[in-house]
Amino acid sequence: MTMSGAKSFYLTTPIYYVNDAPHIGHAYTTVAGDVLTRWHRQRGENVWFLTGTDEHGEKVMNTAKANNTSPQDWCDRLVTDAWKPNWKALNIANDDFIRTTEPRHEERVQRFLQGLKDSGHIYLGKYEGPYCIGCEEFKLPADLDEGKCVIHGRPVEMLSEENWFFKLSAFVPALIEHYKKHPEACEPTSARNEVLAFLEGGVTDLSISRSTFDWGIPVPWDTKQVVYVWFDALLNYATAVGLGDDPASEGGRKFAQTWPADVHLVGKDILRFHAVIWPAMLMAANLPVPGKVFAHGWLLVAGEKMSKSKLTGIAPSDITDHFGVDAFRYYFLRAIPFGSDGSFSWEDMSARYTSELANDFGNLASRLIAMIEKYCDGVIPAVAKDDALAAVLAETVATADKAMIALDFQGGINSIMDFCKRVNGFVTEKEPWVVAKEVARQAELMAILYNTADAIRALAVLLHPVMPATCEVLWSSLGADKTLGAIGDQRIADVSNWGQLPSGSRVVKGAVLFPRLEEKEVAK
Ligand code: MSP
């Protein structure tokens, strides 16, 4: 049920650095966010899905310099030519896209910071120590290996600056209590354990300004300094929905409807920022902390985190040109348990494409449409109910829903694809092509075809959040767009109500859902 006043399910992705174009690691997080928010929308919830770009800091500034342009021009170009088009191509249905150079963000960051200063959470101090520009992070000795950042493998800089500090250490007891009381606030368990160990190991205050360059948001009371890029970036989740605005204003109302975020989706590389610094900032401002920070694993290439800086980055289009967008969206969530690392392999992706998408799902749909054309003149026959199939569907919906909302994408997709296998088994077992030969078994034939069609109706709805374009094509070939309405309006809770596909509606032979890969090669 959609209630316009109800709190929105609010999900965010990290805002990505615009020092380069997106690679499949960035796309992995963004697709996961898109699938989860589409699932929640199909549950009938109000949803708000935010992504965006992190544009300040030394890393972006240095990249712009190396490309002989200003940081702002560089960011504008990358956002317009690379980031937004990539998300559009991957069918990402974000509700908003925030850039940290936008006035709506900068103004709210300054106001927030001034508030923390006024309430005594900020003081002037001296920072001396290592900094990794790749991570944009002040490092601890344990984060380094022979003077190099363990993530980027590059030497760190030694900084010695007079900076403004945030009293992060003051929030350690409250954070520990929070995670002990709300284990769901940081997942998976391995991530929560890491955060707790980090908190229990002692946390120092955080330098939140930089004085040696100016590509950032000026500290409002000391404009020679700019706000530390992570302090600036983390705030995007709240500035984008009206942080600090008058409660009666549009921004204030948006904030009340959205905050706190339900899920911050992040890679495990940026867990501590999200599970330690960010909630402490919110606590300092007396704001509610997010419901959940979920840290997923890394996509690995040759056993290492895939990254552009190590030249192992693969562009999403390298994969979608060959397999299509929906297979891309499906593959990573299906193949890798969310929360674990996983390697991308061309062979594994080809194998799953062929067996799960083309054979199990695509062929099932095309066989059904062909049989309805052949045996029923292209018209869905009278409603029939196979109790066993209907019971498996009800179980599938319950399992898939539970898994998806728990961010167990693999579990959710598996249960749906198991149902797909079950429907294939039903067709094989019932042998409609044999039944069709006997005039006396016409009713039986019609029932087999109706049951198969209605099961495919359910599959299309359940897979729609994962593979929207393909499922829309299938939906219209079932004629369901004209009778049941838009596929996105079909509710998860209603999927297992058997017999929804109206008899008498006309099927249309559509494009092959998952063309054979060789044919694609020829078509290129
Ligand atoms: N700008 C910061 C985030 C600020 S959020 C307030 C940042 N940006 S990033 O461009 O480096 O993106 C990091 C995120 O991209 C990771 O947390 C993860 O979500 C995704 N990934 C980047 N490389 C990845 C892999 N190799 N594998 C999986 N995800 C990856 O950090």
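For every chain, the first residue of the written sequence is number 1, and numbering continues from 1 onward in sequence order. Only residues with pLDDT of at least 70 get local features here, since the model is predicted, and only at 80 or more are side-chain atom pairs given and counted; chain-wide, interface and lining totals rely on the full set of residues. Side-chain metrics rest on all non-hydrogen atoms present in the structure, leaving aside hydrogens and water.

**Q** Describe the pattern of salt bridges, and please don't skip the residues or the numbers.
**A** Every case where a carboxyl oxygen of Asp or Glu lies within 4 Å of a side-chain nitrogen of Lys or Arg is listed as a salt bridge. In total, this model carries 30 salt bridges according to the counting rule given. Linking K139 and E137 is a salt bridge whose minimum nitrogen-to-oxygen distance equals 2.9 Å. Relative accessible area decides the class of each residue, using a 1.4 Å probe on protein chains only: under 20% of the type maximum gives buried, over 50% gives exposed, and in between gives partly exposed. Relative accessible area serves as the criterion here: at 14%, E137 is assigned to the buried category. A salt bridge links E187 to K292, with the nearest nitrogen and oxygen atoms 3.1 Å apart. Linking E187 in strand β9 (residues 186-187) with K292 in the loop between α10 (271-284) and β15 (293-296), this pair joins segments that are 105 residues apart in sequence. Here K292 falls in the buried class, since its relative accessible area comes to 14%. Each of R334, D348, R352 and E356 takes part in salt bridges that share partners, so that together they form one network. Put simply, DSSP H or I for four residues or longer makes a helix, DSSP E for two residues or longer makes a strand, and each gets a number counted from the N terminus.

**Q** Give a detailed account of the sheet that holds strand β18 (residues 342-343), specifying residues and quantitative values.
**A** In short, DSSP must find at least two bridges between two strands for them to pair. A sheet is described by the order of its strands in space; here three strands give the open sequence β17-β16-β18, paired in mixed fashion. A single partner strand is all that each edge strand has here, and the edge strands are β17 (304-305) and β18. The pairing of strand β16 (residues 299-301) with β18 spans two bridges and is classified as parallel. The partner of L300 across the bridge, within β18, is S343.

**Q** Account for the packing of helix α1 (residues 24-42) against helix α12 (residues 325-335), naming residues and giving values.
**A** Contact pair α1 / α12: the axes reach a minimum separation of 10 Å and the direction vectors enclose 95 degrees. Between α1 and α12, the angle is such that the two are roughly perpendicular. Contact with α1, carried on its side by I24, A27, Y28, V31, A32, D34, V35 and R38, involves F328, R329, F332 and L333 of α12 and no other residues of that element. All axes here are fitted lines through C-alpha atoms, helices being fitted over the stretch that makes contact, and every angle between N-to-C directions spans 0 to 180 degrees. In this scheme, roughly parallel covers angles under 35 degrees and roughly antiparallel covers those over 145, while 65 to 115 is roughly perpendicular and the rest are oblique. In what follows, residue pairs with any heavy atoms lying within 4.5 Å of each other are defined as contacts.

**Q** Before we move on, can you summarise the environment of P515 with the specific residues and values?
**A** Looking at the element boundaries, P515 is found in the loop between α19 (480-483) and α20 (517-523). Look at P515 and you get partly exposed, because its relative accessible area is 26%. Along the chain, P515 and N363 lie 152 residues apart, while their C-alpha atoms are 9.9 Å from each other.

**Q** How would you summarise the packing of helix α15 (residues 409-430) against helix α17 (residues 442-463) if you had to cite specific residues and measurements?
**A** Two elements in contact, α15 and α17, have axes whose closest approach is 10 Å; the angle formed by their N-to-C orientations is 165 degrees. By the angle between their axes, α15 is roughly antiparallel relative to α17. As α15 packs across α17, the resulting crossing turns out to be left-handed. Counted together, I416, M417, F419, C420, V423, F426, V427 and K430 of α15 and I448, N451, T452, A455, L459, L462 and L463 of α17 form the full contact between these two elements. In the scheme used here, Gly and all other residues not listed as nonpolar or charged are polar, with Ala, Val, Leu, Ile, Met, Phe, Trp, Tyr, Cys and Pro taken as nonpolar and Asp, Glu, Lys and Arg as charged. Residues that form the contact of α15 with α17 fall into these classes: 12 nonpolar, two polar and one charged. Left-handed describes a crossing whose near helix is turned anticlockwise from the far helix through less than a right angle; right-handed describes the clockwise counterpart.

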